[in-house]
Structures are given as C-alpha cells and as structure tokens.
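Report on the structure
As a plain string of letters, each chain reads:
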Amino acid sequence: MTVIDPDAQAAWAPGAERSADRDGYPNYAEYAEYAEYADDDYADDADDEMPLSTRLSIADTLTLGNATCGFMAVYFTTTGVLIPHLTGSEDGGMARHSAATAVVLMLMAAVFDLFDGLVARKLRSSAMGAELDNLSDLISFGLAPAYFVAVWGMVADDAHQRISMVAAIVVLLAVVLRLARFSCVPMRNGMFQGMPGPFGALTVVSVVLLELPFVPTALGILGVAWLMVSRVEYPKPRGRLAVAMLCWIVLSMGLLASWAFDAPGGELLLQTGCALQVVLGAVIPLFATARRVNAFRDNRREARAAAQG
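Bear in mind that the values here come from a model prediction, so they are computed numbers and not experimental data. Numbers given for residues are sequential positions, taken from 1 along each chain in its written order. Residue-level local features of this predicted model are given only where pLDDT is at least 70; pairs of side-chain atoms are given and counted only at 80 or more, and the full residue set underlies all totals for whole chains, interfaces and linings. Note that the side-chain values use all heavy atoms of the structure and ignore hydrogens as well as water.

A run of DSSP states H or I qualifies as a helix once it reaches four residues; a run of E qualifies as a strand once it reaches two. Both are numbered from the N-terminal end. On a plain count of helices and strands, the protein comes out with ten helices and two strands. Going from the N terminus to the C terminus, the protein shows its helices and strands as α-α-α-α-α-α-β-α-α-β-α-α. Partly exposed residues are those whose accessible area sits between 20% and 50% of the maximum for their type, while under 20% is buried and over 50% is exposed, using a 1.4 Å probe and protein chains only. Counting only residues that meet the buried cut, the protein has 38% of its 309 residues in that class. Residue contacts are counted whenever heavy atoms from the two residues lie within 4.5 Å of one another. Contacts in the protein between residues far apart in sequence, at least 24 positions, make up 74% of those at least 6 positions apart. In the form shown here, the protein has an accessible surface area of approximately 17900 Å², with 64% of it arising from carbon and sulfur atoms. Using a 1.4 Å probe, the Shrake-Rupley method yields the accessible areas, and only the shown protein chains count as cover for residues.

Moving on to the packing of aromatic side chains. Any Phe, Tyr or Trp ring, taking Trp's six-membered ring, that has another such ring centre within 6.5 Å forms a pair; planes under 30 degrees apart are called stacked, those over 60 apart edge-to-face, and the others tilted. Under the criterion given, the structure shown has four aromatic pairs. Summarising the aromatic geometry, the rings of tryptophan 152 and phenylalanine 214 are spaced 5.5 Å apart at their centres and angled 15° between planes, so their arrangement reads as stacked. Taken together, the positions of tryptophan 152 in helix H5 (residues 129–155) and phenylalanine 214 in helix H8 (residues 214–229) put the pair 62 residues apart, joining distant regions of the chain. Each ring, one from phenylalanine 182 and one from phenylalanine 192, has its centre 6.0 Å from the other, and the planes form 50°; the classification is tilted. With phenylalanine 182 in helix H6 (residues 161–184) and phenylalanine 192 in strand E1 (residues 191–193), this residue pair connects regions lying ten residues apart in the sequence. Owing to a relative accessible area of 15%, phenylalanine 192 belongs among the buried residues under this scheme. The side chain of lysine 236 reaches across the aromatic face of phenylalanine 192, ending 5.4 Å from its centre. Over a ring means this: the NZ of a Lys or the CZ of an Arg is within 6 Å of the ring centre and within 35 degrees of the ring normal.

Working note: non-glycine residues mostly have negative phi, and peptide bonds are mostly trans. Positive phi outside glycine occurs at glutamate 211, with the angle close to 55°. Position of glutamate 211 among the secondary structure elements: in the loop between helix H7 (197–209) and H8. Here aspartate 262, not a glycine, exhibits a phi torsion of approximately 55°, which is positive. Position of aspartate 262 relative to the elements: it lies in the loop between helix H9 (240–260) and helix H10 (266–308). Owing to a relative accessible area of 58%, aspartate 262 belongs among the exposed residues under this scheme.

Here we take up the UniProt feature "transmembrane region" (unreviewed entry) in the protein. UniProt positions are given in the numbering used here, feature names are shortened, and annotations may be inferred rather than shown by experiment. Residues given the UniProt feature "transmembrane region" (unreviewed entry) here are residues 64–87, 99–118, 138–156, 163–180, 200–229, 241–262 and 268–290. The span residues 241–262 is 91% helix and 0% strand, and its two end C-alpha atoms sit 31 Å from each other. End-to-end, the C-alpha atoms of residues 268–290 are 33 Å apart, and along that stretch the chain is 100% helix and 0% strand.

Between H7 and H8, the shortest axis-to-axis distance is 9 Å and the interhelical angle comes to 175°. In terms of their interaxial angle, H7 and H8 are classed as roughly antiparallel. Where H7 abuts H8, its residues Gly200, Thr203, Val204, Val207 and Val208 lie against Thr217, Gly220, Ile221, Val224 and Met228. Residues are grouped as follows: nonpolar covers Ala, Val, Leu, Ile, Met, Phe, Trp, Tyr, Cys and Pro; charged covers Asp, Glu, Lys and Arg; every other residue, Gly included, is treated as polar. Classifying every residue of the contact of H7 with H8 by side-chain character gives six nonpolar, four polar and no charged. Think of each axis as a best-fit line through the C-alpha atoms, taken over the contacting stretch in the case of a helix, with angles from 0 to 180 degrees between the N-to-C directions. Roughly parallel means an angle under 35 degrees; roughly antiparallel, over 145; roughly perpendicular, 65 to 115; everything else is oblique.

Moving on, we get to the pattern of salt bridges. Whenever Lys or Arg places a side-chain nitrogen within 4 Å of a carboxyl oxygen from Asp or Glu, that contact is recorded as a salt bridge. The tally for this structure, following the rule as stated, stands at two salt bridges. Between arginine 96 and aspartate 262 there is a salt bridge; the shortest N-O distance is 3.4 Å. Residue arginine 96 is found in helix H4 (residues 92–122), and its partner aspartate 262 is found in the loop between H9 and H10; the two are separated by 166 residues along the sequence. Here arginine 96 falls in the partly exposed class, since its relative accessible area comes to 24%. Taking the shortest distance from any N to any O, the salt bridge between aspartate 298 and arginine 301 comes out at 3.9 Å. Placement of both aspartate 298 and arginine 301 in helix H10 is noted, with a separation of three residues, approximately one turn of the helix.

Our next topic: a nonpolar patch on the surface. Patch membership requires more than 30% relative accessible area and the absence of a salt bridge. Residues of like charge join within 9 Å; the nonpolar side chains Val, Leu, Ile, Met, Phe, Trp and Tyr join within 5 Å. Among the surface-exposed residues, Val166, Val170, Val215, Leu219 and Leu222 lie close enough to one another that they form a single nonpolar patch of about 420 Å² accessible area. Of all elements in the fold, only H6 and H8 reach the threshold of two or more residues within the nonpolar patch. With three residues, H8 is the single largest residue contributor to the nonpolar patch. Inspection of the secondary structure puts leucine 219 in helix H8. Among the residues examined, leucine 219 registers a relative accessible area of 57% and is labelled exposed.

Our next topic: the nonpolar core. Counting residues in each nonpolar core, the largest one holds 56 residues, and the members touching the most others are Phe148, Val149, Leu209, Ile221 and Leu256. Of all elements in the fold, only helix H3 (58–87), H4, H5, H6, H7, H8, H9 and H10 reach the threshold of two or more residues within this core. When residues in this core are grouped by element, the largest group, ten residues, is from H4. Sequence-distant contacts of phenylalanine 148, that is, excluding residues within four places in its chain, are made with Thr77, Ala99, Val103, Met106, Val205, Val208 and Leu209. Take the buried residues of types Ala, Val, Leu, Ile, Met, Phe, Trp, Tyr and Cys, join any two whose side-chain atoms come within 4.5 Å, and each joined set is a nonpolar core.

The structure is reproduced here in structure tokens:
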C-alpha cells in the first residue's frame, strides 16, 4: 500500500484542497500565488454555466405571465368562493365577483399563451421556452380549471362532491397527458391533435358556468377532457384565426364583467357566451375533419387522373 506524506502532497499539489462552497472548484484563494487568479477563474466558470441560450427572452416573460395568471385564478377561487362557503360568510355578489375574476385570469393566461408563441417566432426563444410553456400551461389550463371544478362540486347545491372531484382529477390528468404527448409526438403542420389546453380549460369553465343540472354538467366536463386527449384535430390559432380568438377572449371578458356586476341581462349574456363556447368546442373539429376528408378525396382524384393519363 502506498503512503503519501500530506506535507509533500501540499507542496506539489496546491489545488488538491477543495472549497466546501464552490462545488468542487479548487480553493486557490488559500494560496497567495493563486489569489490574483481566483476571481477571474470563478467568473469564467460562472459564464460557462449560464450560456446565452438559457437566459430569459421576451417570449419567456410572457410565458411566466401565463403561469402567474393561472396561480392567481386558483387564489381568487379559494379566497372568494371556497373559504366564504366553508366559513358560512359567503355573499352571492362576492362569490360571483371572485369566480368571474378567476375566469378572466384564465382568459388572460390564454392571451399570454397566444402571444408568447407569436413573439418567439418573430424574435428569439431561449432553450427553456418549450419547457416553460408546458409548465405554465399545466398551471393555467390544467390546475386552475380542475380546481374550479372541484370547488364547484363543494359549493353547488345539487353537486356531488366525490364525483365532481373525480371529474376535476380527470381534467387535470387530461391536460398532463396532452402536454406530454404534444412534447414527444410530431403533429401535422397547422393542426393540434386533441383540443388545445387553453380552449379546453375555457370550455370546462363554460360548462360549469352554464349552471345546468349536476349530471349533464359532469358529463360535459368529462366529454371535454376526452376531447383534449383524443386524436380529433383542431386548427392552430394563426393569422385570422388568432385574431378571431383574441376578439372572442375580449368579448368573453366583457360578458364576465357584465355578469359579475349584475348588469341588466348580464346572466343571460354570459350563459349565451358559455353555450357558444361549448358549441364551438364540438363544431370546430367537424370542420377540420371535413376539410381533411375533402383533401383526401382530392388527392385520390388526382392520383386516378395521373394513372389514367
């Protein structure tokens, strides 16, 4: 067995000692001859650990705004709807304002989600962009609407808490599975496979706000969750469709505001908007499917014409 003299080792290996707070880098500052180089070496190492591609971009900032809106939606649902119900201090107007605020925050999250993709395509995106987008979508379009459903099951008069909790979990897992599939499965250009997360979240909330009996509401929520994990195709919001989506979001915010402040006809307007949201969720994939079938038929005709010619 070889034995090394510690004094001799220190003499020929001055960098052998490691600093406890430098993650294994030599503590050169303990040696006078290396002290002048210590700060420069650590600065270079820090620069190497933070490449330019991992620094936040403008698109990443918008994505973080998406996550913030999702968290605030959960906060207003808890403080303005759930806690007053549990403590017996609920006020119909206060609960309505808080529920409307929570849904408006989900709509704002959808706006951030719409613009961060546009900004990323126009400017630059960091290496963290895709991961940040998935995590933010999970908060705003998975956790927030699922929590909204769970709270609805606790405060609604005719709701069954356990069944509504199961429906909330199904919504959350549907968004998780959809985001995971989106990350690893290539999609057809210009199309989403399954209902997009923002559209699905707003449709789930619309089903709840329609104030239908418990069984149709629960079935509607489960149906939307199925559409999110299905292979039904939805067009990506680009160009005119993105503008139309933005206008619809702004209109929805106005409907929620009229309902929250008990404006004349506000409740009827809100229910009309929610019904239209649900109908759009069911009809849009029909148009996409019809367009795909027509394209398939056109390709077959062209192939037959080419074969005959």
